[in-house]
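# Survey of secondary and tertiary structure
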Amino acid sequence: MRITKKIILIILTLIIVFAAHTLVSTGFFRTIENRFEGQIIKKVRLPGAEDITISTIDSFALISSTNRLVYPPVEEEKGGLYSMDLKTEGFKITHLTNSFKKPFAPHGISMIQKDSTYTVMAINHTSNGHSIEVFTLRDTTLVFEKSITDPSLISPNDIVLIDEQRFYVTNDHGYTKGIGKLFEEYGGLSVSNVVYFDGKKFTEAAKGIAYANGINFDSKRNLLYVASPRGFEIKVYHRNADGSLKFIEDIPCGTGVDNVEIDSEGNLWSGAHPNLLRFKAYAQGKKATSPSEVIKVIYRGKNDFSVKKMYVEDGKVMSGSSSAASFGDLILTGNVMDDQFLILKKGK
């Protein structure tokens, strides 16, 4: 009987420790105080603008949009890629994938320019599995080239191009079902990874990440950044000539960082979820709102960085922020499944 009581006590203790760890590590107890020194200059009616990236050369934004009623989706969706003109205050939007006939629920996106043409890649989730859709973009004409699939794309989230053929992809889960997925999401199990495609084959480039999410590459400093929302951090890697990655350090961000964008000065911008459990409830349709946050990370080198909260909001204006792209005095901030995204003007 005593042994039974001890076993029960141990199990209860483990459950309490697990629950406490989950609550603390997901930001459950954080108080959200609205904070923004600038102004909202436009609310753009476009559903689920999950990822936004910008061409500073040609002054336009590329936007990944899907009408997610529940995330992850349970039914086939018809999303799209859009361009937004940033040269004028009209912010004209063009639907680029009107003629794309395949099932399309775009997630992370990346583009790279060569001459007057952009190579564009988008993570796609369908009922038949995951793929990477490859396009070429000239002006506002997007042409589909091919689909890339591979068994290593377990749960692809975001992508970053190195050139027209080579790229990195994050898998946000190591387990996609069962108790492994439960411990990964609630316990913060670090088993997701980054895979590298060298133009011919996929290889694992980094592992041991808690929910690998947004990814970006600074070609000037040869640094790769990977957002770990479950770890409340951005991981920094040096990129080797063969595509392998050498871990440098973690940047603690104090929030559930999602996508990562790099501005013209090399600063990192991220849309983030300050309360991950609240976001999960919102994504499942159990809560009406989820707080949004935008941070700016100034990374000067190893052990030399600063994190600034640029926008914090309780979710009543826009819920579930997932991306933040800086362009001049503007910040384009998207979200996972809200029906609009915001264009912010930075404060002085």
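Up top is the structure these notes are about.
The notes below deal with the structure included here. (Residues numbered from 1 in each chain as written. Predicted model: local features only at pLDDT ≥ 70, side-chain atom pairs only at ≥ 80, totals over all residues. Heavy atoms only, no water.)

Attention now moves to a nonpolar patch on the surface. Taken together, the side chains of Ile-3, Ile-7, Ile-8, Ile-11, Leu-12 and Ile-15 present a nonpolar region at the surface, about 580 Å² in accessible area. The topology assignment puts Leu-12 in helix 1 (residues 2-25). (Patch = residues over 30% accessible without salt bridge, like charges linked within 9 Å, V, L, I, M, F, W, Y side chains within 5 Å. Areas by Shrake-Rupley, 256 points an atom, 1.4 Å probe, with all protein chains shown as cover. Salt bridge = Lys/Arg side-chain N within 4 Å of Asp/Glu carboxyl O. Helix = DSSP H or I, 4+ residues; strand = E, 2+ residues; numbered from the N terminus.)

Moving on, we get to the sheet that holds strand 21 (residues 304-313). Read from one edge to the other, the open sheet built from four strands follows the order 18-19-20-21, with strand pairing classed as antiparallel. Sheet topology places strand 18 (256-262) and strand 21 at the edges, where each strand pairs with a single neighbour. The mean inter-strand angle of the sheet, taken between neighbouring strand axes irrespective of direction, is 25°. Here five bridges tie strand 18 to strand 19 (residues 268-273), and the two strands are oriented antiparallel to one another. From the neighbouring strand, Glu-261 faces strand 19, where its bridge partner is Trp-269. (Pairing = 2+ DSSP bridges. Axes fitted to C-alpha atoms, helices over the stretch in contact; angles between N-to-C directions.)

Turning next to the pairing of strand 10 (residues 156-161). Most of strand 10 is tucked away: six of the six residues are buried. Bridge analysis of strand 10 against strand 11 (residues 167-171) gives four bridges, and the strand direction is antiparallel. Looking at strand 11, one finds that Val-160 is bridged to Tyr-168. The turn linking strand 10 back onto strand 11 is made up of five residues. (Buried < 20%, exposed > 50% of the residue type's maximum accessible area, 1.4 Å probe, protein only.)

Here we come to the pattern of salt bridges. Under the definition given, this model contains 11 salt bridges. For the salt bridge of Asp-339 with Arg-45, the shortest nitrogen-to-oxygen distance reads 3.6 Å. Within this pair, whereas Asp-339 is found in the loop between strand 23 (330-335) and strand 24 (341-345), its partner Arg-45 is found in the loop between strand 1 (39-44) and strand 2 (49-55), the two being separated by 294 residues in sequence. Where Asp-85 meets Lys-87, a salt bridge forms, and the shortest distance between an N and an O atom there is 3.3 Å. A relative accessible area of 58% means that Lys-87 is categorised as exposed. Here the salt bridges share partners, and the residues they tie into one network are Glu-233, Lys-235 and Asp-250.

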